[in-house]
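The primary structure of each chain is shown beneath.
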Amino acid sequence: NAGVTQTPKFRVLKTGQSMTLLCAQDMNHEYMYWYRQDPGMGLRLIHYSVGEGTTAKGEVPDGYNVSRLKKQNFLLGLESAAPSQTSVYFCASTPTESQPQHFGDGTRLSIL
Amino acid sequence: GEDVEQSLFLSVREGDSSVINCTYTDSSSTYLYWYKQEPGAGLQLLTYIFSNMDMKQDQRLTVLLNKKDKHLSLRIADTQTGDSAIYFCAESMKGGYNKLIFGAGTRLAVHP
């Protein structure tokens, strides 16, 4: 059982570069989420999706875009990376809004 | 507003019980969760409690919920070195998309 898989696991970018983080889940979950984790803080929601073809803004969406073209995949894009986006990014999924979220292992992103 | 607070650090001796505390502000939360994060890993769901329950026990884990005081605790009996990790408390908000509000996490250190 793969669960929630995030790629890549690590990445170093230069300021202004773009990249896409991929989240894939094999549990047929409807809801998917992108969070960022910064030192001394809890996870903060960037964007989420309640089903294929839908996306919505979370708590800290600025500088990020997302797409959910297929139910199993949720992509997080950084169009022009900034040092403030250095963080650990977590993807999560859940089948319904009343069940626990399942998390991937994270992507560690450094922007120089 | 929505806020979840936890103490940042707890140190216990191996074999003792650990109690990790959490307070939250929003009385409309539906579920309250405890997640465990080991170094370099994602968040692992430990246990959760529905907001109309007072207590839940699961092997070495006991969750207590005091709705009046908006206080949640996680007790780990017979704490082992493998329990050393960061523990996150999170509340699920009523309505919408299973929005989770996380605390900053409590780092549990278990020493011999």
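Our structure's up above, just so we're on the same page.
Residues numbered from 1 in each chain as written. Chains lettered and ligands numbered in written order. Predicted model: local features only at pLDDT ≥ 70, side-chain atom pairs only at ≥ 80, totals over all residues. Heavy atoms only, no water.

## Section: the interface of chain B and chain A
Buried accessible area, meaning the area lost when the parts come together, often serves as the stated size of an interface. Threshold: Any pair of residues with heavy atoms lying within 4.5 Å of one another is described as a contacting pair. Here the quantity called buried area is the accessible surface, traced with a 1.4 Å probe, that two parts lose on coming together, added over both. Put simply, a salt bridge is a Lys or Arg side-chain nitrogen that is within 4 Å of an Asp or Glu carboxyl oxygen. Any pair of nitrogen or oxygen atoms within 3.5 Å is treated as a polar contact; in protein, a donor-acceptor pairing is required on top of that, and neighbouring residues in sequence qualify only through side-chain atoms on both sides. To qualify as a helix, a DSSP run of H or I must reach at least 4 residues; to qualify as a strand, a run of E must reach at least 2; elements of each kind are numbered from the N terminus. Side-chain classes follow a simple rule in which Ala, Val, Leu, Ile, Met, Phe, Trp, Tyr, Cys and Pro form the nonpolar group, Asp, Glu, Lys and Arg form the charged group, and the remainder, Gly included, forms the polar group.
In this complex, chain B contributes 19 residues to the contact, which on the side of chain A involves 23 residues. Summed over both partners, the interface of chain B with chain A comes to about 1,600 Å²; 56% of that surface belongs to carbon and sulfur atoms. Between chain B and chain A we count 0 salt bridges in total. Our count for the contact surface shared by chain B and chain A stands at 3 residue pairs in polar contact (both at pLDDT 80 or more). Residue assignment for the side of chain B that touches chain A shows that the elements contributing at least two residues are strand 4 (31–37), strand 5 (43–50) and strand 10 (100–102) of chain B. Among the residues making up the side of chain B that touches chain A, the classes are represented as 12 nonpolar, 7 polar and no charged.

## Looking at the sheet that holds strand 7 (residues 61–66) of chain B
Residue and element names in this part refer to chain B. Which entries qualify depends on this criterion: Pairing between strands is defined by DSSP: at least two bridges between the two strands are required. To obtain each axis, a line is fitted to C-alpha atoms, and for helices this fit is confined to the stretch in contact; angles are then taken between N-to-C directions over 0 to 180 degrees.
Across the sheet, 5 strands lie side by side as 1-3-8-7-6; this open sheet has antiparallel pairing. Single-partner strands in this sheet number two, and they are strand 1 (4–6) and strand 6 (55–58). Between one strand axis and the next, the sheet turns through 15 degrees on average, direction left out of account. As paired strands, strand 3 (residues 18–24) and strand 8 (residues 71–76) are joined by 6 bridges and run antiparallel to one another. Each residue of the ladder has a partner; that of Asn21, found in strand 8, is Ser73.

## Some words on the pattern of salt bridges
Put simply, the rule reads: Exposure classes here rest on a 1.4 Å probe applied to the protein chains alone. A residue is buried below 20% of its type maximum, exposed above 50%, and partly exposed in between.
Going through the model one piece at a time under the given rule, you end up with 6 salt bridges over all chains. For Arg44 of chain A, the salt bridge is made with Asp38 of chain A, and the minimal N-O distance between the two is 2.8 Å. Classification of Asp38 of chain A as buried rests on a relative accessible area of 10%. The partner of Asp69 of chain B in a salt bridge is Lys68 of chain B, with the nearest N and O atoms 3.7 Å apart. Several salt bridges converge on common partners, so that one network encompasses Arg36, Asp38 and Arg44 of chain A.

## Describing the nonpolar core
Condition: What is meant by a nonpolar core is a set of buried Ala, Val, Leu, Ile, Met, Phe, Trp, Tyr and Cys residues, joined one to another through side-chain atoms within 4.5 Å.
The biggest cluster of nonpolar side chains holds 22 residues, and the ones touching the most others in it are Trp34, Leu72, Leu74 and Tyr87 of chain B. In this view, Leu74 of chain B contacts Ser18, Val19, Ile20, Trp34, Leu46, Thr47, Leu61, Thr62, Val63 and Tyr87 of chain B; residues no more than four positions away in its chain are not counted. By size, the runner-up hydrophobic cluster in this structure holds 20 residues, among which are Leu43, Val88 and Phe90 of chain A together with Ala90 of chain B.

## Notes on the environment of Gln99 of chain A
Structurally, Gln99 of chain A is set in the loop between strand 9 (87–94) and strand 10 (102–103). For Gln99 of chain A, a relative accessible area of 36% puts it in the partly exposed group. Setting aside its immediate chain neighbours within four residues, Gln99 of chain A contacts Thr94 of chain A together with Tyr33 and Asn98 of chain B. Within the structure, Gln99 of chain A has its side chain in polar contact with the side chain of Thr96 of chain A (distance 3.3 Å).

In short, shape yes, function no, at least from these values alone.
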